[in-house]
Every structure is written in C-alpha cells, then in structure tokens.
Amino acid sequence: MSNKVNGGCLCGAIEYQVKNDFKAFYQCHCKQCQVLTGTAFASNLFTHPDNIIWVKGAESVSIYQHPERDFAKSFCQSCGSAVPYVNKSKTSLIVPAGSVKTELTKELHANIFISEKACWSKSDVYIKSYEYFPE
Ligand SMILES: [Zn+2]
Ligand SMILES: [Zn+2]
C-alpha cells in the first residue's frame, strides 16, 4: 500500500499529492453538493489541512465560498474539475474522491445529509447497470 495518493483535474493543468491519511470519507447528499456537482451526491475525503503538495497548477485553482454556510468548492479554471480545498473553519482539507487518480484504500464511512437527498436518487440495487452508455 502506497502512503501517497496522487490526484488532479481532467485537463491535466492541476496535479496534487496527499498522504494516505484520511480521517473520514463521506458521500454528501446535501442540496448544495447536488447543485455544485450536478449529480446526486459528492464523495469527499477529509484529512489534515496541511496535508497537500500542489505538484503543478496551483495558480489554476479557483475557489467558491458559500456566503453563509461552511461550504466551498475549489475547481480548475480551465476544465471545472473539483480539486481539494481547506474548509472555512480551517479544520480539514477536503479532497473530492473523484479527483484521486491512484488507488484509494480508504473505505466509505457514511452517507450524510440524507434528509436533503434528491427525490430521484436511488440505490444502485434497484436500477439497471451498464459498463458504458446503453445501446
Ligand atoms: Zn483542469
Ligand atoms: Zn454536501
């Protein structure tokens, strides 16, 4: 098991490295995460705020801070991919799990903010699955 995890954005402008030392791994179903991701939930890893090395593209990172809630999103200025950020209270670095490009050994802890879950969001067990787009 590697003690480092590498990640980055889709266009390749941003690359980062974090230690494989995560304190939590949540799928957040809150309304804000639905809007920001355009999907049913956000999958985020939580680690220490100083656990990141920007390998390249730190200057390509933009951040949106929600005016009221402790809620933010960092993203690549050219491709819009979610990338890691430190939360407003500076207690955690939040790493979007989809931006991780090496194998993740951390297992999901929980679904959170399930009371705000999208009405159309169903568990995988109930719907058909395809490897690619259906024919
Ligand atoms: Zn990018
Ligand atoms: Zn959320």
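Scroll up to find the structure this text is about.
Overview of the structure. (Residues numbered from 1 in each chain as written. Chains lettered and ligands numbered in written order. Predicted model: local features only at pLDDT ≥ 70, side-chain atom pairs only at ≥ 80, totals over all residues. Heavy atoms only, no water.)

1. Considering the coordination of the zinc ion (ligand 2)
Every protein donor of the zinc ion (ligand 2) is listed here as Cys 28 (SG), Cys 30 (SG) and Cys 33 (SG), and their distances to the metal cover 2.1 to 2.3 Å. Spacing between the donor residues of the zinc ion (ligand 2) along the chain follows C-x1-C-x2-C. Just as Cys 28 is buried, Cys 33 falls in that class too. (Donors = N, O, S within 2.8 Å, 3.2 Å for Na, K, Ca; no water. Buried < 20%, exposed > 50% of the residue type's maximum accessible area, 1.4 Å probe, protein only.)

2. Re the coordination of the zinc ion (ligand 1)
At 2.3 to 2.4 Å from the zinc ion (ligand 1) lie its protein donor atoms, namely Cys 9 (SG), Cys 11 (SG), Cys 76 (SG) and Cys 79 (SG). If you look at the zinc ion (ligand 1), its four donor atoms make angles of 106 to 112° with each other, and the shape they trace is tetrahedral. Donor residues for the zinc ion (ligand 1), ordered by position in the chain, follow C-x1-C-x64-C-x2-C. One end of the pair, Cys 11, is in the loop between strand E1 (4–8) and strand E2 (15–19); the other, Cys 76, is in strand E7 (residues 72–76), with 65 residues separating them in the sequence. For Cys 11, a relative accessible area of 43% translates into the label partly exposed. (Tetrahedral: all angles 85-135°; square planar, octahedral: opposite > 155°, others 65-115°. Helix = DSSP H or I, 4+ residues; strand = E, 2+ residues; numbered from the N terminus.)

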